[in-house]
Amino acid sequence: MNVLVDVVRDLRSHGLRSALSGLSLFIGILAVVGVVTTGDVVQDVFIATAEQSHGRQVTVQTQIPKQTVATRGLPAVIRALHSRIAEAGGAYALAYEAVATVTRVGDAPSPATITLVDGALDRVRRLPLVSGHRLDPGTAVYPGGLVANLAAVHRFGSVGTRLTIGLDPRLAGYPQDLVGEITDGNPAPMLYQSISSATYLQPSILSTAARLDLYVHADLVGEQALRSAIQEVDADLGIDPSEAEIIRVDTVGQLVADLDTTRLAFVAISVVTLVVAGIGLLNVGLSTVRDRAKELTIRRATGATRLRVFVLVLSSSIAVGLVAAIAAIAVAAIAVLVVVPHVLSPSSPLRFPVFPYGAAIAGLLAALGASGCGGVIPAFLATRVNMADALRE
């Protein structure tokens with residue numbers, strides 16, 4: 001307890017020196033935590049864009065031929081996908097993209113792209129829900145509904161708007177309500193509708209389709225397992241393997257590898273900042289011992305042992321590092337856990353950043369290590385101050 005009191009008094013009596021010493025450590029620790037957090041956010045920016053457009057990490061694609069849909073029927077295709085993929089814990093999206101004539105009450109008809117889909121498209125691609133709800137993942141045809149991206153909402157209206165959809169120019173359009181709004185990264189208007197609902201309302205729409213695209217993804221599952229699942233679906237549907245090319249379509253893996261290399265470079269720069277801060281602390285400590293030679297001698301003359309002087313100087317240095325680390329971690333935590341979620345738009349595909357506890361602990365340990373190393377030599381020299389020479393000065 002006496003040592004703690006002495007340390008507090010020592011820091012207060014040399015407040016400016018202690019503050020300047022701690023500032024360099026504060027900047028170094030904040031740099032480490034900031035670089036790791038910024039790296040996570042920047043990485044998620046690139047990954048979010050890639051996952052919106054091409055699929056989540058490890059997503060494979062194949063095609064269901066038109067002949068298979070015609071001979072087996074769409075319900076049989078969906079049953080095979082559900083049995084082999086969805087029930088096994090994976091996610092699939094069976095999709096067909098078409099151009100529809102879209103009419104809002106009071107407006108002239110206008111063309112727009114519509115993706116007819118079955119399955120869990122949001123599990124295959126990162127598609128944040130802005131408002132409303134997603135399409136029913138089942139095969140129910142009623143009441144149906146449309147999900148629109150941001151550009152489509154801007155053109156046709158928000159959730160609750162009723163639109164008339166014409167997929168076959170030979171037939172009258174059918175009414176559908178906008179039930180959800182998503183962010184898909186597409187600057188052009190895009191509507192999404194259940195393929196089961198659309199084919200029930202206009203059965204002829206798949207007659208012109210050359211094929212249906214099938215995307216498959218599963219968390220924590222490798223590419224080979226996904227390929228095997230698709231091959232089982234092909235066998236169930238009688239699809240010739242030579243006609244069903246399976247390719248990996250996501251670009252996340254290579255993107256993460258490239259970003260990790262860049263992030264390591266910035267972390268290395270932050271570590272150098274901490275090392276420089278430690279060297280600065282050592283320099284301050286050595287000059288302080290010379291300036292405090294008389295004070296330390298008086299302490300020795302009034303009964304302080306060499307060990308007590310050593311502990312005092314070393315503890316003061318470590319205390320500066322501890323206070324700087326706590327302050328830096330607190331500032332970083334407020335920025336990550338309070339400021340960033342507050343400014344992040346609900347329509348953004350970015351996930352809320354997670355506070356890098358590992359980097360914070362590493363920064364704390366590095367600060368204590370730097371302040372300890374920067375204080376041990378001055379503390380040792382403080383015990384070797386020549387009392388007679390110091391008193392004569």
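Residues numbered from 1 in each chain as written. Predicted model: local features only at pLDDT ≥ 70, side-chain atom pairs only at ≥ 80, totals over all residues. Heavy atoms only, no water.

S.K.: So what about the pairing of strand E1 (residues 59-65)? Which residues, and what values?
M.R.: Among the seven residues that make up E1, six are buried, leaving the element largely enclosed by the rest of the structure. Relative to strand E9 (residues 211-217), E1 runs antiparallel, the two sharing seven bridges. Looking at the pairing, Thr59 lines up with His217 of E9. Direction of pairing for E1 relative to strand E10 (residues 247-248): antiparallel, over a ladder of two bridges. The residue of E10 that forms the bridge with Val60 is Arg248. (Buried < 20%, exposed > 50% of the residue type's maximum accessible area, 1.4 Å probe, protein only. Helix = DSSP H or I, 4+ residues; strand = E, 2+ residues; numbered from the N terminus. Pairing = 2+ DSSP bridges.)

S.K.: Let's hear about the confidence of the model for the chain: which residues, and what values?
M.R.: Across the chain, the average pLDDT comes to 80, with 79% of residues at 70 or higher. Of all secondary-structure elements in the chain, the lowest mean pLDDT belongs to helix H13 (residues 387-392), at 50, while strand E8 (residues 190-194) reaches the highest, 95. (pLDDT = per-residue confidence, 0-100.)

S.K.: Residues and numbers for the packing of helix H4 (residues 74-84) against helix H8 (residues 223-237), please.
M.R.: Closest axis-to-axis distance for the H4/H8 pair is 9 Å, and the angle between their directions is 145 degrees. Read as a crossing pair, H4 and H8 show a hand that is right-handed. Residues Ala76, Val77, Ala80, Leu81 and Arg84 of H4 form the contact with H8, whose participating residues are Ala229, Glu232, Val233, Asp236 and Leu237. Considering only residue class, the contact of H4 with H8 consists of seven nonpolar, no polar and three charged. (Axes fitted to C-alpha atoms, helices over the stretch in contact; angles between N-to-C directions. Left-handed = near helix turned anticlockwise from the far one by under 90°. Contact = heavy atoms within 4.5 Å. Nonpolar A, V, L, I, M, F, W, Y, C, P; charged D, E, K, R; others polar.)

S.K.: Please set out the side chain of Thr115 residue by residue, giving values where relevant.
M.R.: With respect to the helices and strands, the residue Thr115 is situated in strand E3 (residues 110-119). On the basis of relative accessible area, Thr115 is assigned to the buried category, the value being 8%. Excluding residues within four positions of it along the chain, Thr115 makes contact with Ala95, Tyr96, Glu97, Met190, Leu191, Tyr192 and Gln193.

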